[in-house]
Amino acid sequence: MTESPEARAAFLREELQRHERLYYQDAEPEISDREFDRLMAELAAIEEEHPALRTADSPTQRVGGEPTEGFEQVEHTPPMLSLDNTYDHDEIEEWCGRLTRLLPDTEFEFICELKVDGVSLSLLYEDGVLTQAATRGNGRVGDIVTANARTIRTLPLRLPASAPARLLVRAETYMRRSTFAALNEERGAAGQELYANPRNTTAGTVRLLDSRDVARRRLDLACYEWVQPADDAEERPSHGECLTALAEFGLPVNDSWRRCKGLGEVAAYCNEWREKRGELDFEIDGVVVKVDDPELRDRLGATAKAPRWAVAFKFEAEQAETVVRAINAQVGRTGAVTPVAELEPVLVAGTTVKRATLHNYEDLARKDVRVGDAVVIEKGGDIIPKVVSVFEERRGPESKPFAPPTQCSVCDETLYQPEEEALLRCVNAACPAVVREAIRHFASRNAMDIEGMGDWLVGELVGGGLVRDPADLYGLTVEKLADLKKTNDARLGEKAAARTVASLEESKQRSLSRLIYALGIRFVGDSTASLLARRFRTVDDLAKASAEELEEVDDVGARIAESVGAFFDSERNQDLLERLRAEGLRFEEEAAAVADEGADQPLEGKVFVLTGSLEGMTRNEAGARIKALGGKVTGSVSSRTTYLVAGEKAGSKLRKAEQLGVEVLDQAGLEELLAGAGSRLAHTASRRRPER
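Residues numbered from 1 in each chain as written. Predicted model: local features only at pLDDT ≥ 70, side-chain atom pairs only at ≥ 80, totals over all residues. Heavy atoms only, no water.

The subject of this paragraph is the packing of helix α3 (residues 89–102) against helix α9 (residues 263–276). How two helices pack is summed up by the angle between their axes together with the distance between the axes. Their axes nearest at 11 Å, the elements α3 and α9 cross at an angle of 145 degrees. Crossing handedness for the pair α3 and α9: right-handed. Of the residues in α9, those in contact with H89, I92, E93 and C96 of α3 are L263, V266, A267, C270, N271 and R274. Considering only residue class, the contact of α3 with α9 consists of six nonpolar, two polar and two charged. (Axes fitted to C-alpha atoms, helices over the stretch in contact; angles between N-to-C directions. Helix = DSSP H or I, 4+ residues; strand = E, 2+ residues; numbered from the N terminus. Left-handed = near helix turned anticlockwise from the far one by under 90°. Contact = heavy atoms within 4.5 Å. Nonpolar A, V, L, I, M, F, W, Y, C, P; charged D, E, K, R; others polar.)

Another point: the state of the cysteines. For the coordinates displayed, the defined rule picks out zero disulfides. Left unpaired, C426 is separated from the closest cysteine sulfur, that of C411, by 3.6 Å. Overall, C426 belongs to the buried group, its relative accessible area being 5%. (Disulfide = S-S within 2.5 Å. Buried < 20%, exposed > 50% of the residue type's maximum accessible area, 1.4 Å probe, protein only.)

Turning next to unusual backbone geometry. For the bond from T77 to P78, the omega torsion is -5 degrees, close enough to zero to count as cis. Secondary-structure assignment places P78 in the loop between β1 (73–75) and β2 (85–86). Of note, D412 is a non-glycine position whose phi angle comes to about 70 degrees, a positive value. Note on placement: D412 falls in the loop between β16 (386–390) and β17 (424–425).

Take the packing of aromatic side chains next. Evaluated as defined, the whole model comprises eight aromatic pairs. A centroid spacing of 5.8 Å and a plane angle of 70 degrees characterise the contact between W226 and F249, whose relative ring orientation is edge-to-face. Of the two residues, W226 sits in strand β8 (residues 220–227) while F249 sits in the loop between α8 (239–248) and β9 (258–260), which places them 23 residues apart along the sequence. Using a relative accessible area of 9% as the deciding quantity, one classes F249 as buried. Relative to F568, the ring of F567 has its centre 5.3 Å away and its plane inclined at 85 degrees; by these criteria the two rings are edge-to-face. Here the two residues F567 and F568 agree in accessibility, since each one is buried. Note that K276 overlies the ring of W273, its terminal NZ or CZ placed 4.2 Å from the centroid. Lying across the ring of W309, R297 places its NZ or CZ 4.0 Å from the centre. (Phe/Tyr/Trp six-rings, centres within 6.5 Å; stacked < 30°, edge-to-face > 60°. Lys NZ or Arg CZ within 6 Å of the ring centre and 35° of its normal.)

Structural data, given as structure tokens:
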């Protein structure tokens, strides 16, 4: 008998959950990654065909889903209080003395745990299933980030039957050093700016609106507290027993915690991990010391901001002394030019450091760092160390202040510094340091939408000298692309090459607004590009526009106007545009896409929100058509929304629109509305057109 979809889905869920435990928690995998991916793909296919079979604890939820419009908030009960900090053993002793004064004649046992440097989360399991994850926020109210938390592979989506019906857990999510290094290696290879440190990257990742992006970041988790009601009728376990139980439920608990019977053992634990922290694959910034007995915790209580029964012993940032051998200019993805100190190699926090960021040239001048200086560098939580201070008294008479560059070290373009910014910038679109990311942006879906232009192909084209700027893309042929070698030494092949060449040809007909966006002008997103295209109607008119004319456009301020002017003032960018024109790209807005000046705007006052996928057009293209007829397009549904346009796989925006009573249009309804509005506009324009 053929197995039913229900039975097969249930079997696959159980098997995948078992293999996740074996791989991520026990480090004893039974199957290959390829076989695991095959099982996951099979389950995803069943759930796609039978949506009712998709459960909250399904392993497919770990890959993330459609972007959300924002985060709902939740009140923490009890609040997620912060911890008081101590920085030496005398302060730990003072803290313990306060405990003794509050509860005389009491012997305290403590649990010491590593203070993982990440982002705190509150996790709620009901009937064994993860139903809610929330950030700490201000301690009393946090953001619900359940979809993002589900992507954390070490976090079980379902607990065993031995777990209580309702379980509230506090945890720290973080990014491993190895994961962070791999992420930065990918970004560096793609010409993107590097992230500063794992903690900040984790904080940004947790609050991404697209959980698919969160899944790709591969966050980790460490649970540190089982929150139990103080009025629980049963005798409550100690904190150490809670940590043991959480681990038995399959939750990730760092196993380096230790029960300490006095301050001597607490001090020994702190000293041990201060020395060993460089051996860990994750960042810690100290040790948390907690009273073990829950009854004593209740009696000690809390202040307005912190529990009295716990304290953090913070480690000092790790520092070392070295010498600056050179100061180089590093050109990033956006053209930002950053000074970097090349150092005499020195060991800090278990790794050899050869470079340190100097942030920007104003910061460099303020610290007065010079070539040949003896300096103190600090690693702390930063993967890229920074220069903290300079031994000015050791300088020789030949020492001179470092002069900021005036020209790009890569392409020799004159550097530009926007008002109210500390960074110098190279605005040359053809600069090799930024060209890789410029190509990826130019080819992206909301820009020219060129098929096949992923990281690998763009890297090969730029690295091999086949492409130096976006205009070079249009000189590619099937023959040039087909012989490119992938990492496994296989050729790209004629079929894939032919698809890319055909997509390049199709892209020549993209709208003017998409071309403006594709150029990568700083601060000009796709919506601003649409406004500029509607107002100026040609690339030439946009290039000639004064700052005052640019600022007359809605949502364009002085910063955007200055950036647009700087882009078109560059001779190399002017050359790039002429070559794109020669390739046949559209440099004028279609007449139908722009309303006549002074004409009626039939959709004026109507507010649209677009969600889901549309057939034959992107949401941006649909938005441009709406705006051309006077409508406004926003990103979130509210009581002011006139229409929600719902394409395939519409998500939470559709549910909210239905709750608010907002009129919902499918794609056919949108086309009918636009056609009717366009007819009224054409009729009005024809009546207003003067006779010849």
